[in-house]
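The primary structure of each chain is shown beneath.
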Amino acid sequence: MVNLTINGKPVQVENNTTILQAAESLGIEIPTFCYDKRLIGHGACRICVVEVKGAKALQTACTVPVAEGMIVETHSPSVIEARKETLKLMIENHPLDCLTCEKSGNCKLQDYCYEYDVKEGGYNGEKKNYPIDDSNPFFTLDRNKCIMCGKCIRVDNELQCTGAINYNERGFDTHVGIPYDRDFEQSACVSCGNCVSVCPVGALMPKHPEKFRAWELRKVKTTCPYCGVGCQMELLVKGNKVVGVEPVNVDPNNGLLCVKGKFGYRFIDHPDRLKTPYIRKNGELVEATWDEAYHLIAEKMLETKEKYGPNSLGGFSSARCTNEENYLFQKLFRAVIGTNNVDHCARL
Amino acid sequence: MKMLNVTINGTVTQVPEGTTIMQAAAQLGIDIPALCYLKGVNEVGACRICVVEVKGARTLQASCVLPVSEGMEIQTESPSVVTARKEILKLILANHPNDCLTCNKAGECKLQEYAYRYDVKFEEHQGERKNLGIDTSNPYIYRDNNKCILCGRCVSMCAKVPERAVLAFGNRGFETTVVADNNKTMGESNCVSCARCISVCPVGALIDSRTMNIARSWELQKEDVKCAVCEHGCDFQLLKKNGKVVAVRALAAGEGRPLCLKGRLTVDLTYNDNPKTPLVKKDGEFVEATWAEVLGLDKILGKI
């Protein structure tokens, strides 16, 4: 254990804890852009800098481990000045588009500019001027809004392990992209959208036909219905319509989703979606109630079993069902029908 | 009452004589944008954002003031209407600070809402811009005339308060601004800080100073309460952040004598988890006062 003092408050934390984590344990909030507890410390954005007594320069709280007797100030005048300067440099080369930006209301750059009262950069320097990359069918990449925190790249390489995106070029021209600046369609990208979920600004944004602002949304926590993993996610709901999905950082998915969970929600309001069972009557499919459908299935199964024996029937279950449902399904076939012909689609 | 037949966006409906196009559309669930319109207070057709296409009319018509007539055929989102609205928004934005990044009104701003709806962005231009000072002379009212879109809501609202009418339009043309008394600061003027002007401002020109720099509108949970000081029962809103009441603001005023300073301060003291010291104007200056003093409880408390 290590003893240190943060903002005058003594705290004891385990060895190898970062200053940021130690501050968190005291309920002190330090701003971060590039930090994500699931990722290897990066220390790139410099917004988390703090004053450590005796240190030559301000230290990045997200990467510097605590040391015995350390005295830390997280909001001293020099820290605030440094954070303001960092924000000014970011906003100087960022389109001032909060008026209509889809990220507005959910943007860390906007949050911290408000908190530290930064309205503009004031340098009148060069600005990035990239076309918006919409080569992926599920999301857009506006490199003009990118603040180079590298979260998207690190999630892609460290957690998703696809390795589709990385930094291209150097210096002022550094930008996130596919090697050789190809389109997303020509890349290894699997459109999982985890880069989109972690982007702190409006650079990586999901494509959607609906118009909505972040503050108009209601979040509904649910379990992804696509497979047996049971990823935890939040549906973004406007009025009564699902307009987006965000992963939740808990077991089993720890803030990750796949392309189906992240972007495959539009079936919910799709006009072709089947909402009632249909029964073929005189060659035509007609709407039926669930009771009618179940009766018909049971009748046909019993009829087939009587006529051709239990092994003439087979059950094929779905990965979308829960373990309990799959257990009951095999029980139905083994115990009620009397056959071992039970299988599973394994994946969708 | 005579009923009139009108067709709005292809849907036929019947409304009583005297109904405006905007009201008739609202009955059909059609939302027509409005910046200056405020029912019963400011029905002036000034901002032009509510224009609609009326078959046979020479030009687009302001739907907030034009009553429907028999057989009227109206389009509320036709290409020419949308073009006009975009142009109006472009003109407003051309002379509006690009400050949604840190503006306290962001998230509740009508200009932002409609700019998003009609996909109009700030454009760089060489034209003139307003360059007026920010008036913080009144500790309760933050006034930034650079953000004012001259809708006139605050002026009409202020005129409804007996013996006030502090706010008015001053100057002409590009120089037009909302002024307090004879172009005094809010602090110097006869303003009694009833905050009715703030409650109706559609943009970030008038903001309750006590809600500034606390939180963004989208971080706040809102709860409506009624003031219990007198029989009017004015509506106030508690702004909560992480479960704590961080500010109290007045909602749009109704009839009677609503949103008085006494009521506002009482609601603030009753609900706010950390109320700021009240300020009272003495000899033209705002000075810190005790709660007992501002609420007129001095004498009673002295007797206890």
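A quick note: this is a predicted structure, and the numbers were derived from the prediction, not measured.

1. What to know about the overall build of chain B
Item 1. The helix and strand inventory of chain B stands at eight helices and 15 strands.
Item 2. A compact globule built from 304 residues should have a C-alpha radius of gyration of about 19 Å, and chain B, at 21 Å, falls within 12% of that.
Item 3. C-alpha extents for chain B along the principal axes are approximately 75 × 55 × 40 Å.
Item 4. Considering only residue pairs separated by 6 or more positions, chain B has 58% of its internal contacts joining residues 24 or more positions apart.

2. Things to note about the nonpolar core
Item 1. Of all hydrophobic cores here, the largest spans 130 residues; its most connected members are Ile-19, Ala-61 and Cys-152 of chain A together with Ala-34, Cys-50, Cys-154 and Cys-197 of chain B.
Item 2. Mapped onto the domain boundaries, this core takes at least three residues apiece from domain 1 (2–90) and domain 2 (128–207) of chain A.
Item 3. Contacts of Ala-34 of chain B, omitting those with residues within four sequence positions, involve Met-22, Ile-49, Cys-50 and Cys-64 of chain B.
Item 4. In terms of nonpolar packing, the next biggest core, distinct from the first, is built from 12 residues, Leu-217, Cys-231, Val-245 and Tyr-265 of chain A among them.

3. Focus on the domain arrangement of chain A
Item 1. On domain assignment, one finds that chain A holds domain 1 (2–90), domain 2 (128–207), domain 3 (213–273) and domain 4 (309–344).
Item 2. For domain 2 of chain A versus domain 4 of chain A, the distance between C-alpha centres works out to 44 Å.

4. Some points on the pairing of strand E12 (residues 235–241) of chain B
Successive side chains on a regular strand alternate, one facing one side of the sheet and the next facing the other.
All names here are of chain B.
Item 1. Both strand E11 (residues 221–226) and E12 contribute to a ladder of six bridges, which runs antiparallel. The residue bridging Gln-221 from the neighbouring strand is Lys-240, located in E12.
Item 2. Once E12 ends, the chain turns through two residues before running back antiparallel as strand E13 (residues 244–250), passing Asn-242 with a positive phi of about 50 degrees.

5. Things to note about helix H2 (residues 77–92) of chain A
All names here are of chain A.
Item 1. With 16 residues, H2 should reach 22 Å at 1.5 Å per residue; the first-to-last C-alpha distance of 22 Å fits that figure.
Item 2. Listed as buried for H2 are Arg-83, Thr-86, Leu-87, Met-90 and Ile-91. Take H2 and look down its axis: the buried residues cluster within an arc of 130 degrees, on one side only. Away from the buried face of H2 by more than 90 degrees, exposed residues Pro-77, Ser-78 and Glu-81 are located.
Item 3. Contacts made by the buried residues of H2 are with strand E3 (49–52) and helix H3 (108–115).

6. Examining the interface of chain A and chain B
Item 1. Between chain A and chain B, the contact holds 15 residues from the first and 16 residues from the second.
Item 2. The residue inventory of the side of chain A that touches chain B, partitioned by class, reads seven nonpolar, four polar and four charged.

7. Brief notes about the sheet that holds strand E10 (residues 206–208) of chain B
Residue and element names in this part refer to chain B.
Item 1. Taken in spatial order, the three strands of this open sheet run E6-E7-E10, and their pairing is antiparallel. In the strand order of this sheet, the two ends are held by strand E6 (134–138) and E10, each with one partner. Along the sheet, successive strands turn relative to each other by an average axial angle of 25 degrees, direction set aside.
Item 2. Relative to E10, strand E7 (residues 141–144) runs antiparallel, the two being bridged by three bridges. Among the inter-strand pairings, Ile-141 is bridged to a residue of E10, identified as Asp-208.

8. Describing the sheet that holds strand E1 (residues 3–8) of chain B
Through backbone hydrogen bonds, the strands of a sheet pair up, either in parallel or in antiparallel fashion.
Residues and elements named next belong to chain B.
Item 1. Here five strands make up an open sheet; going across it, the order is E2-E1-E5-E3-E4 and the pairing mixed. A single partner strand is all that each edge strand has here, and the edge strands are strand E2 (11–16) and strand E4 (61–62).
Item 2. The pairing of strand E3 (residues 51–54) with E4 spans two bridges and is classified as antiparallel. Following the sheet pairing, Val-52 is matched in E4 by Gln-61.
Item 3. Along the sheet, helix H2 (residues 79–94) makes contact with E3 and strand E5 (72–75), crossing E3 at roughly 155 degrees.

9. A look at unusual backbone geometry
All names here are of chain A.
Item 1. That bond from Asp-251 to Pro-252 is cis: its omega, 0 degrees, falls within 30 degrees of zero.
Item 2. Structurally, the position occupied by Pro-252 is in the loop between strand E12 (241–247) and helix H6 (259–263).
Item 3. The phi dihedral of Asn-7 falls on the positive side, at around 50 degrees, and the residue is not glycine.
Item 4. Mapped onto the elements of the fold, Asn-7 is located in the loop between strand E1 (2–6) and strand E2 (9–13).

10. With respect to H2 of chain B
All names here are of chain B.
Item 1. Taking 1.5 Å of rise per residue, 16 residues should cover 22 Å, and H2 covers 22 Å from first to last C-alpha, within 8% of that figure.
Item 2. Listed in full, the buried residues belonging to H2 are Arg-85, Ile-88, Leu-89 and Ile-92. For H2, the buried positions fall inside an angular range of 95 degrees around the axis, keeping them on one side. What points out from H2, more than 90 degrees from its buried face, is the exposed set Pro-79 and Thr-83.
Item 3. Lining the buried residues of H2 we find helix H3 (110–117).

What counts, and where the lines are drawn
- Residues take numbers from 1 onward in each chain, read along the sequence in its written order.
- All chains are assigned letters beginning at A, and all ligands numbers beginning at 1, according to the order in which they are written.
- Whole-chain, interface and lining totals are the exception, using all residues; otherwise, since this is a predicted model, local features are given only for residues with pLDDT of at least 70 and side-chain atom pairs are given and counted only at 80 or more.
- Only DSSP runs of H or I reaching four residues or more are called helices, and only runs of E reaching two or more are called strands; each is numbered from the N terminus.
- As defined in this context, the radius of gyration uses C-alpha atoms, and a globule is described by 2.2 Å times the residue total to the power 0.38.
- Contact criterion: two residues are in contact if their C-beta atoms, reconstructed from the backbone, are within 7 Å.
- Throughout this description, the term nonpolar core refers to a group of buried Ala, Val, Leu, Ile, Met, Phe, Trp, Tyr and Cys residues whose C-beta atoms join them within 7 Å.
- Between the buried cut of 20 or more and the exposed cut of 12 or fewer other C-beta atoms within 10 Å of a residue's own C-beta lies the partly exposed class, and all C-beta atoms are placed from the backbone.
- The split of the chain into domains comes from an automatic or database domain assignment.
- Paired strands, in this sense, are two strands between which DSSP finds at least two bridges.
- Take the number of residues in a helix, subtract one, and multiply by 1.5 Å to get its expected span.
- Here the arc refers to the set of directions running from the helix axis out to each C-beta atom.
- When residues are sorted by character, Ala, Val, Leu, Ile, Met, Phe, Trp, Tyr, Cys and Pro go into the nonpolar class, Asp, Glu, Lys and Arg into the charged class, and all the rest, Gly among them, into the polar class.
- A fitted line through C-alpha atoms serves as each axis, taken over the contacting stretch for helices, and the angle formed by two N-to-C directions is quoted from 0 to 180°.

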